[in-house]
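# Analysis of the macromolecular model
The residues making up each chain are set out below.
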Amino acid sequence: MPSRKFADGEVVMGRWPGSVLYYEVQVTSYDDVAHLYTVKYKDGTELALKESDIRSQSSFKHRKSQSSSSSPSRRSNTRSRSRSRSPGRPAKGRRRSASQSREHKDDKKKAIQETSLALLVLVLLKPSENNTKRYNGEPESTEKNDTSCIILEQKLKPDLEIKRVLEQYSLRPRKDDKKKEEIYSEKKTFVALKPIEKVPTKTKELEFGGRIGTFTLMLFLPATVLYLLLLCKQDDPSLLNFPPLPALESLWDGRVFGVFLLWFFLQAVFYLLPIGKVVEGLPLSTGRRLEYRINGFYAFLLTAAAVGVLLYFQFELHYLYDHFMQFAVSAAVFSLALSIYLYIRSLRAPEEELAPGGNSGYFIYDFFTGHELNPRIGSFDLKYFCELRPGLIGWVVINLAMLLAEMKIHNLSVPSLSMILVNSFQFLYVVDALWNEEAVLTTMDITHDGFGFMLAFGDLVWVPFVYSLQAFYLVGHPTTITWPVAVAITVLNCIGYYIFRSANSQKNNFRRNPADPKLANLKFIPTATGKGLLVTGWWGFVRHPNYLGDIIMALAWSLPCGFNHILPYFYVIYFICLLVHREARDEHHCKQKYGLAWERYCQRVPYRIFPYIY
C-alpha cells in the first residue's frame, strides 16, 4: 500500500481535469482504496484527483524565484561584463567545475523542453474554442480559460528569455539541438496522439461470499431450478411440500439434448447473418472498442417464422411441456461444459483482456464470475450472443408451448385470460430487450463482468426456465380472473414498463452522447472521470429507477396466478433480492469510481429504489 504524499488541509497545486492548467487547491481527504485525493478549489469546486495530477507549491515558487532573479537589468549587466573578458577565462569568484557546468546546461535544456511542450499543448487545446465544459447543461465561460492561459504564458516568459539568450550566444552544440528536436517531436506525438493504456489489476474484493460462497452457488442454483420445476408439477405446490426426487435416468434424454443443441446453433446462425447495423461498444481499458452486430430483433422474427412453419406442419410444440425437466437439465449440462471451455481459453488470454471482477487468482471464484471479459471466436462474441439470444428468445417459445399445453390438457378452445396476460406481458419485455439491443452494451454484464458459470447458467438456464415459472404453473393450476382485475393488472404492468424503458433510454442516450440537444434539459454532476451523474429526470427521482420498473413488472406477471400459493411469486421475491444485491454492488462500484461526486449525488438523490422507503 503506497503512502500518501499530501496531508489533509495542505494547500497544493492541482491540475484541472482535461487540461494542463494548475490551480491552487486544498486537500480535504484521501481514498486509500482508489488512491485518489479529494481537493477543493477556490471557487468551491471539489474533485477527486490522482497523485500525479497534484504538485507542491514549492515547485511553482522555485520557478518564480528563478524568473525573478533573471531580470533584464541583471542579464544586461552580465552581457556587458562578458564582452570584456576572454571566452576561455571564467570570471573571478564564479568558477565552475566541468560537471557543474554540464548540470547547469542540462537544467536549462530541460526548462526549454518543458516550455516548448507547454506552448504546444496551448496551441493544440485552443481553450477558447474546444475546452468549454458543460455543467448542468450550461457551457462554462471561456473567459476564465483564456485568462488562465495568459497567466501561464506570463509564467513561461522567463524560460523563453533564457532560450533567447542561449540561442544568441550559441551556448549549445548542434548535436544538442538535434537531440532537443527529437525529444520535442516525441513529446508532441505523445500529447496529440498516444493514449494512456491501463492494465487490469488483480481482483481484491471478492463478491458472493468469496470462494466458499461461489462454490455454494454453483450447487445451489441448479438445485433451486430443479426444486421449483418439480414443485410446479405437484397438486399442492407449497414451498414446504418437498417433492420426491425423480430417478436420475428420467432427468436425461439424449433426444432432448439434441433438440437443445439444434436450438442453440440455430440462434448462432441467425447471429452470424450479415443483417442489421454494426456498432461499437464502450471503450475497454486499453481504449479499444469492440464491434457488435445488432440483429437480435431480426433473429426473433426468423425464429417466429420457423416456429410458425413447425405449427403449420402439425408439430406438437407442447413437447416442451412434456419434457420440460429434461430440457432444463440439458441446458444446465451445456452451460457447465461451456463454462469449462471459457475458463480454459481464458488462461491463455492477454492480461488486458481479463475481467476486472474475475481476475482474483482463485480458480473457483474466477470460474464462477468469469475470467475473460469478452471471449470471442473470430468476430463471434460468446457473452454478447448468450446475453439475449438462446435464453431470452427461448423464454417466449417456452411460454407459447405452455399456452398450447394448457389448451390441450384442459380442452380449451382459447387460452385462459391469466395465461394470455402472462404471455403478453413477458412477450413485450423480450421484444423490448431485442428492439433496444444496443442498450445492453452499456450494462455491467458487458462492460465489467467476465463470462463464466454465473452468466452462462443465468442466460441459458435461469432465464428461460425460471422466468417462465408463471406460465408453467398455470398449466397445472389454472386460475380464473375477471376482466376488471385483468385491466388493473395490465395498467400496473404498463406503469412498470414505462418507468423501466424511459429510465434506461435516458441513461443510455446520456452515456452515448451527453451533448445531445434532446438532453439539454437534464442536469448532472461532473466527475473526475469526465462522465456526469444525472440528477434530474428519472435518475433524480431514485438512484435506480430501472430496478423500480423491473419490480413493478415482475409483480404484474405474478398477479394473474392468484393467491392460492406463493410459488408464482418466487420470481418477485428473487427479483427484489437480486436487484438489492445489484444495487449494493453498483453503490460500491460507483463510490470507488466517482469518489466525492457520488457522495454529492447521494445527497441530492437519497432514495435508492423505492421512493420514500428505500
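Residues numbered from 1 in each chain as written. Predicted model: local features only at pLDDT ≥ 70, side-chain atom pairs only at ≥ 80, totals over all residues. Heavy atoms only, no water.

## A word on the overall build of the protein
Scanning the protein from terminus to terminus reveals 20 helices and 13 strands. Here the protein, with 614 residues, has 44% of them falling under the buried criterion. Here the analysis covers contacts within the protein between residues at least 6 apart in sequence; of these, 72% occur between residues at least 24 apart. Carbon and sulfur atoms provide 60% of the accessible area of the protein, an area that totals close to 32900 Å². (Helix = DSSP H or I, 4+ residues; strand = E, 2+ residues; numbered from the N terminus. Buried < 20%, exposed > 50% of the residue type's maximum accessible area, 1.4 Å probe, protein only. Contact = heavy atoms within 4.5 Å. Areas by Shrake-Rupley, 256 points an atom, 1.4 Å probe, with all protein chains shown as cover.)

## Thoughts on the sheet that holds strand S5 (residues 54-55)
Pairing is antiparallel across the open sheet formed by five strands, whose spatial order is S4-S3-S2-S1-S5. Looking at the sheet topology across the chains shown, the edges are occupied by strand S4 (46-49) and S5. Relative to S5, strand S1 (residues 11-15) runs antiparallel, the two being bridged by two bridges. Bridge pairing in S5 places Met 13 opposite Arg 55. (Pairing = 2+ DSSP bridges.)

## Looking at the pairing of strand S3 (residues 36-41)
A large share of S3 lies buried, amounting to five of its six residues. Two elements, strand S2 (residues 22-31) and S3, share six bridges in a ladder whose sense is antiparallel. Paired with Val 25 across the strands is Tyr 41, a residue of S3. The turn joining S2 and S3, which pair antiparallel and follow one another in sequence, is formed by four residues; a positive phi near 55 degrees is taken by His 35.

## Notes on the side chain of Lys 383
Inspection of the secondary structure puts Lys 383 in helix H12 (residues 382-409). Of the buried charged residues, Lys 383 lacks a salt bridge, with Asp 381 as the closest side chain of opposite charge at 6.5 Å. Of note is the side chain of Lys 383, whose polar atom sits 2.8 Å from the backbone oxygen of Leu 373. Among the polar contacts made by the side chain of Lys 383, one reaches the main-chain carbonyl oxygen of Asp 445 at a distance of 2.8 Å. Contacts of Lys 383, omitting those with residues within four sequence positions, involve Leu 373, Asn 374, Pro 375, Asp 445, Ile 446, Asp 449, Gly 450, Phe 451 and Leu 455. (Lys, Arg positive; Asp, Glu negative; His and termini not counted. Salt bridge = Lys/Arg side-chain N within 4 Å of Asp/Glu carboxyl O. Polar contact = N/O pair within 3.5 Å; in protein donor to acceptor, adjacent residues only side chain to side chain.)

## Some words on the pairing of S2
Sheet analysis places S1 next to S2, joined by five bridges and oriented antiparallel. When the bridges of S2 are listed, Gly 14 appears paired with Tyr 23. Counting the residues that bridge the hairpin from S1 to S2 gives six residues, and of these Gly 18 lies at a positive phi of roughly 85 degrees.

## Quick notes on unusual backbone geometry
Comment: phi is negative for the bulk of residues other than glycine, and the bulk of peptide bonds are trans. Residue Phe 208 is not a glycine yet carries a positive backbone phi of 60 degrees. Mapped onto the secondary structure, Phe 208 falls in the loop between helix H5 (174-192) and helix H6 (210-232). Although it is not a glycine, Asn 411 sits at a positive phi angle of roughly 55 degrees. Mapped onto the fold, Asn 411 is located in the loop between H12 and helix H13 (417-435).

## Concerning the packing of aromatic side chains
Taken as a whole and judged by the stated rule, the model has 42 aromatic pairs. Ring centres of Tyr 30 and Tyr 37 lie 4.6 Å apart, and the angle between their planes is 50 degrees; this geometry places the pair in the tilted category. Where Tyr 321 meets Phe 472, the ring centres are 5.6 Å apart and the plane angle is 65 degrees; that geometry is what we call edge-to-face. One end of the pair, Tyr 321, is in helix H9 (residues 319-322); the other, Phe 472, is in helix H16 (residues 469-476), with 151 residues separating them in the sequence. Residue class for Tyr 321 comes out buried when judged on its relative accessible area of 12%. What links up through ring pairs into an aromatic cluster is the set Phe 260, Phe 264, Phe 265, Tyr 271, Tyr 292, Phe 334, Phe 380, Tyr 384 and Phe 385. The ring centre of Tyr 321 lies 4.4 Å from the NZ or CZ of Lys 233, which sits over that ring. Just above the ring of Tyr 292 sits the side chain of Arg 376; from NZ or CZ to the centre is 4.9 Å. (Phe/Tyr/Trp six-rings, centres within 6.5 Å; stacked < 30°, edge-to-face > 60°. Lys NZ or Arg CZ within 6 Å of the ring centre and 35° of its normal.)

## Topic: the UniProt feature "transmembrane region" (unreviewed entry) in the protein
Per the UniProt record, the feature "transmembrane region" (unreviewed entry) sits at residues 212-231, 251-273, 294-313, 325-344, 455-475, 481-500, 521-542 and 562-581. Across residues 455-475 one finds 90% helix and 0% strand; the C-alpha atoms that close the span lie 29 Å apart. Along residues 481-500 one finds 90% helix and 0% strand; the C-alpha atoms at either end are 26 Å apart. (UniProt positions renumbered as here; feature names shortened; annotations may be inferred.)

## Topic: helix H15 (residues 453-466)
Between its terminal C-alpha atoms H15 stretches only 17 Å, short of the 20 Å expected from 14 residues at 1.5 Å a residue. Of all bends in H15, the biggest is about 35 degrees, found at Asp 459. (Expected span 1.5 Å × (residues − 1). Bend = angle between axes of the 7 residues up to and from the residue.)

## Comments concerning the layout of surface pockets
A water-sized probe rolled over the atoms picks out the places where empty space is left. Taken as a whole, the second largest pocket encloses approximately 620 Å³ of empty space. In terms of lining, the second largest pocket is formed by 23 residues, of which the most central are Val 259, Trp 263, Leu 320, Phe 327 and Val 397. Secondary-structure elements contributing two or more residues to the lining of the second largest pocket are helix H7 (254-272), helix H8 (296-312), H9, H12 and H15. Tallied by class, the residues present in the lining of the second largest pocket amount to 19 nonpolar, three polar and one charged. (1 Å grid on protein atoms, 1.4 Å probe; cavity = no way out; pocket = protein on both sides within 12 Å on 5 of 7 lines; lining within 4 Å. Points joined across faces, edges and corners; volume = space filled by probe spheres on them. Nonpolar A, V, L, I, M, F, W, Y, C, P; charged D, E, K, R; others polar.)

## Concerning H6
The end-to-end C-alpha distance of H6 is 32 Å, a good match for the 33 Å that 23 residues give at a rise of 1.5 Å each. Those residues of H6 that sit buried are Gly 210, Gly 213, Thr 214, Met 218, Leu 221, Thr 224, Val 225, Leu 228, Leu 229, Leu 230, Leu 231 and Cys 232. On its buried face, H6 sits against helix H10 (324-346), helix H11 (363-369), H15, H16 and helix H19 (570-594).

## Section: a nonpolar patch on the surface
Together, Leu 239, Leu 240, Phe 242, Ile 566 and Ile 573 make up a nonpolar patch on the protein surface, roughly 530 Å² of accessible area in all. Take Phe 242: it is sitting in the loop between H6 and H7. You can call Phe 242 exposed: its relative accessible area is 60%. (Patch = residues over 30% accessible without salt bridge, like charges linked within 9 Å, V, L, I, M, F, W, Y side chains within 5 Å.)

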